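# Geometric and topological summary
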Amino acid sequence: MGWARKILRVDLSKGTCKSEPLNMEWAQQYLGQRGLATKYFVEEVDPKVDPLSPANKMIMATGPLTGTMASTGGRYSVITKGALTGAIACSNSGGYIGAELKMAGWDMIIFEGKSPKPVYLWIQDDVAELRDAAHLWGKTTWDTEEIIKSTHHDPQVRVCSIGRAGENGVLYACIVNDLHRAAGRSGVGTVMGSKNLKAVAVRGTVGVSGIRDFKAFMTATTAAKKVLADNAVTGQGLPTYGTQVLMNVINEMGALPTRNAKEVQFEGARKISAEAMHEKRLSDGKANLVTNAACFGCTIACGRISQVDKNHWSVVNSPKYWGATGGLEYEAAWSLGAADGVDDLDALTVANMICNEDGFDPITFGATVGAVMELYTMGVLTKEQIGIEAPFGSAQALLEIAHMTAEGRGFGKEMGLGSARLTAKYGHPELSMSVKGQEFPAYDPRGIQGMGLTYATSNRGACHLRSYTVASEVLGIPVKTDPLVTEGKAGLVMAFQDATAAFDSSGTCIFTTFAWSLVDLAPQIDAACEGGEAGWSVERLAELGARIWNMERLFNNAAGFTAKDDDLPARLKTEPAQTGPAKGLVSGIDKMVPEYYKLRGWDTAGVPDKETLARLGL
Amino acid sequence: MQKSLHIDPSKCTGCLQCEMACSYENYGVFNISKSRIKVFNFEHEGRKVPYTCTQCAEAWCLNACPVDAIRIDAATGAKIVHEDVCVGCKVCTIACPFGTINYVADSGKVQKCDLCGGDPACVTACPTAAITYVDADWTGLEKMRQWAGKTNTQPRASA
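### Some thoughts on the sheet that holds strand β8 (residues 127-132) of chain A
Residues and elements named next belong to chain A.
- Sheet architecture is open: 6 strands sit in the order β8-β7-β12-β9-β10-β11, paired in mixed fashion. Of all strands in the sheet, those bounded by a partner on one side alone are β8 and β11 (181-183). On average, adjacent strands in this sheet sit at an angle of 20° to one another, irrespective of strand direction.
- Relative to strand β10 (residues 175-177), strand β9 (residues 158-161) runs antiparallel, the two being bridged by 2 bridges. Among the inter-strand pairings, Ser 161 is bridged to a residue of β10, identified as Val 176.

### Let's talk about the packing of aromatic side chains
- By the definition in use, this model includes 17 aromatic pairs over all chains.
- Through successive ring pairs, a cluster of aromatic residues spans Tyr 330, Tyr 443, Tyr 468, Phe 511 and Phe 514 of chain A.
- Above the face of the Trp 137 of chain A ring, Lys 198 of chain A is positioned so that its terminal group lies 5.9 Å from the ring centre.
- Directly above the ring of Tyr 27 of chain B sits Lys 34 of chain B, whose terminal nitrogen or CZ lies 5.5 Å from the centroid.

### Remarks on the pattern of salt bridges
Residues and elements named next belong to chain A.
- Scanning all chains against the criterion turns up 49 salt bridges over all chains.
- Here Arg 203 and Glu 100 are joined by a salt bridge, their closest N and O atoms 3.9 Å apart. With Arg 203 in strand β12 (residues 197-203) and Glu 100 in helix α3 (residues 97-103), this pair connects stretches of sequence that are 103 residues apart. Like Arg 203, the residue Glu 100 is buried in the burial classification.
- For Asp 444, the salt bridge identified is with Arg 446, shortest N-O distance 2.8 Å.
- Classification of Arg 446 by relative accessible area gives buried; the value is 1%.

### Points about the side chain of Lys 195 of chain A
- Topologically, Lys 195 of chain A is positioned in the loop between α6 (188-194) and β12.
- In this view, Lys 195 of chain A contacts Leu 12, Ser 53, Pro 54, Asn 56, Lys 57, Met 58, Phe 111, Gly 113, Lys 114 and Ser 115 of chain A; residues no more than four positions away in its chain are not counted.

### Brief notes about the pairing of strand β5 (residues 88-93) of chain A
Residues and elements named next belong to chain A.
- Summarising burial for β5: 5 of the 6 residues are buried, a large majority.
- Where strand β4 (residues 76-81) and β5 come together, 6 bridges link them in antiparallel fashion. Opposite Ser 77, over in β5, you have Asn 92 as the bridge partner.
- Count of turn residues in the β4/β5 antiparallel hairpin: 6 residues, of which Gly 86 carries a positive phi of about 70°.

### Description of the environment of Arg 540 of chain A
All names here are of chain A.
- Here Arg 540 shows up in helix α22 (residues 538-559).
- Linking Arg 540 and Ala 502, residues 38 residues apart in sequence, is a C-alpha distance of 9.6 Å.
- A polar contact is formed between the side chain of Arg 540 and the backbone oxygen of Gly 535, at a distance of 2.8 Å.

### Focus: the packing of helix α21 (residues 518-528) of chain A against α22 of chain A
Residue and element names in this part refer to chain A.
- Taken N-terminus to C-terminus, the directions of α21 and α22 make an angle of 100°; their axes are 9 Å apart at the nearest point. Here α22 runs roughly perpendicular to α21, going by the angle between their axes. On α22, the residues touching Leu 518, Val 519, Leu 521, Ala 522 and Ile 525 of α21 are Val 538, Leu 541 and Ala 542.
- The residue inventory of the contact of α21 with α22, partitioned by class, reads 8 nonpolar, no polar and no charged.

### Observations regarding the state of the cysteines
All names here are of chain B.
- By the definition in use, this model includes 0 disulfides over all chains.
- Cys 15 takes part in no disulfide bond, and the closest cysteine sulfur, belonging to Cys 126, lies 6.5 Å away.
- Summary of cysteine pairing: Cys 116 is not part of a disulfide, and the nearest cysteine sulfur, belonging to Cys 22, is at 6.3 Å.

Here is what the cut-offs are and how they apply
- Counting restarts for each chain, with residues numbered from 1 along the sequence as it is written.
- Here chains are named by letter from A upward and ligands by number from 1 upward, in the order in which they appear as written.
- In keeping with the model being predicted, local features are shown solely for residues with a pLDDT of at least 70 and side-chain atom pairs are shown and tallied solely at 80 or more, while totals for entire chains, interfaces and linings include all residues.
- Note that the side-chain values use all heavy atoms of the structure and ignore hydrogens as well as water.
- Criterion used throughout: strands pair if DSSP finds at least two bridges between them.
- A helix here means a DSSP run of H or I that spans at least four residues, while a strand means a run of E at least two residues long, and both kinds are numbered starting from the N terminus.
- Axis lines are fitted to C-alpha atoms, over the contacting stretch for helices. Their N-to-C directions set the angle, which ranges from 0 to 180 degrees.
- For Phe, Tyr and Trp, where Trp contributes only its six-membered ring, two rings pair if their centres lie within 6.5 Å, and the inter-plane angle classes them as stacked under 30 degrees, edge-to-face over 60, or tilted in between.
- Charge-over-ring placement is defined geometrically: NZ (Lys) or CZ (Arg) within 6 Å of the ring centre, and within 35 degrees of the ring normal.
- Here, a salt bridge means any Lys or Arg side-chain nitrogen found within 4 Å of an Asp or Glu carboxyl oxygen.
- The buried label applies to any residue whose accessible area, calculated with a 1.4 Å probe on protein chains only, is under 20% of its type's maximum; exposed applies above 50%, and partly exposed to all values in between.
- We call two residues contacting when some pair of their heavy atoms lies within 4.5 Å.
- Whenever a nitrogen or oxygen atom comes within 3.5 Å of another N or O atom, the pair is scored as a polar contact, on the condition that within protein one atom can donate a hydrogen and the other can accept it, and that pairs from neighbouring residues in sequence are kept only if both atoms are in side chains.
- Each angle receives one of four descriptions, namely roughly parallel if under 35 degrees, roughly antiparallel if over 145, roughly perpendicular if within 65 to 115, and oblique otherwise.
- Lys, Arg, Asp and Glu make up the charged group, whereas Ala, Val, Leu, Ile, Met, Phe, Trp, Tyr, Cys and Pro make up the nonpolar group; the residues left over, Gly among them, are polar.
- Here, two cysteine sulfur atoms that lie within 2.5 Å of each other are counted as a disulfide.

If you want it as structure tokens, here you go:
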């Protein structure tokens, strides 16, 4: 079965927690997590809803493999209408709380309404209740977790919470769990804060027992783990270097957006790379990287645990940043580093800690700092307005702005708008490197053309995790494609989008797909879940992925998005790459989008046609 | 040859596959709260440490048990709780210096690692060989090998 077959509905307005059976008919069509929770969401929420109103809902959902021995089977997702984007949002996180929720006997939690006062949800197996959180409001995610564990006299409680960013309405606030894992993008933490929900704390001792065929499941998961172990990326590259393995590679390709995407190569890339994290610092003789770490059930272990030099100027008077904690992964190292022209590894690590501590997305934050630095360079924003001189490359400015954003102080309030609103406010919307209001991450569409289409068509605003064609265009997985051409990318993006939606609905991590395809996932799901006579085949999962993608698209269309929102910032289309292998190139997005619509079975306005909807059962 | 569990914390990533394997082996479910091996996270030092019963030669839990519910498995050397005899008095949990024998409220008995009859599930599940099952007399063999490898790195003197 895989599923716990039970969901928790929390009405924050009334203060009630009720159990209801999982809709098993929908589970057969949407599997779990991203797919199934989005199905619930679109059935229950008006697409036109204001994301920060009580009428918006927020769903925390596990997948059928969450809490099992499937490798990486510890994921959960947060589904809502995004505060930053106004589009469907689905932010995925690892750590341990997803598995804990499943082991407490719940597939998902649906939050609705708004609490009249700050509360947190306490779950101990089948007992769920809202508790007063007055004493937690204003606390960081780190302090919140510690206080809750202390209150319940139980160090084994798992906690996810918002920090001050989520309370203060920073539009890209995260929900942070287990200190440094996060449902990071689109402002899902902002929605949580708007509901006066500070945290969810879970202790689960029921376990996951409803596996359809345990013996087959152990065989399938063991075989799949071997595939991960034997693969060069998941078996060696990721555990050793983390996602940061890409910093030097992408820079050399001329696809590292630098200084608000004015350039495509960063001269300081080497200093903020995985290799640099391994090297001993001259200052204290220790390396930035302490060790790698795994999320629940993960046999890859790409996580970084880092420690900065205690005498680094940014932390010398702040002992709370002296210990080991979650370190830089590639996107954060790019956004806080290359996007802002900052090459101080320890400063970036501390900025990343602040993002974890107070719960805001380092991708959007760093990219917004990049836009602010460009506005400062142009003289549109001044030292007086920002509170500090903020030229590209200033680590001091990066950290001061991070503290201001975390605390909601001074210019930090402006920062909380994200780059689209902030640059528009100061008369230069063209300087926001975003799609549908969300900043794109660490791959420049001029040097990796498929990623341009990925960003433009992503249902949650610009994002690399909806169709990570870097796998193909850079690493040759499953086949190598030329990153500099647009031909064939529409089909590539579509295939990646559909497969990714299936993975995101299963409870496993997208990083498995460097080694796994649906061929590896299907037997694990089939052994865990009842699937009727057809069972869970590769074809069924691919179709399920397409169904989820079109369902998300229909929601966004109804929310008011149109074909013109499937576009990239003008800079990527008009300012060619000046250096590197992509020199002279701009993004060919205008060529790719129409081809993509056609392959999707959408009309020229980006609306799924009747045949497509009928084929997918929508 | 008797074998024993050997733990190398420096290899542990904190994935908890061992805890799930333990609960599945003993209870047929994935339920880390029922695991007899626990992984501890020393967050601010960046260390994760799996910990379980080391099967003391002179087992204080066994000696303390008033009803002889804890006995030695001759094949593996494991100290095994016989649930049909255990009365749940918890005296063993006090006697054990390491905390690795614990009461289970659901059954009213205590539980501890029994080495799975000589094929420990945690060892099979561990993806990084942080937990191994090795010759009890030679738990240091691998560490010795690693250090031995560092002793002859000088160029050989030519004859």
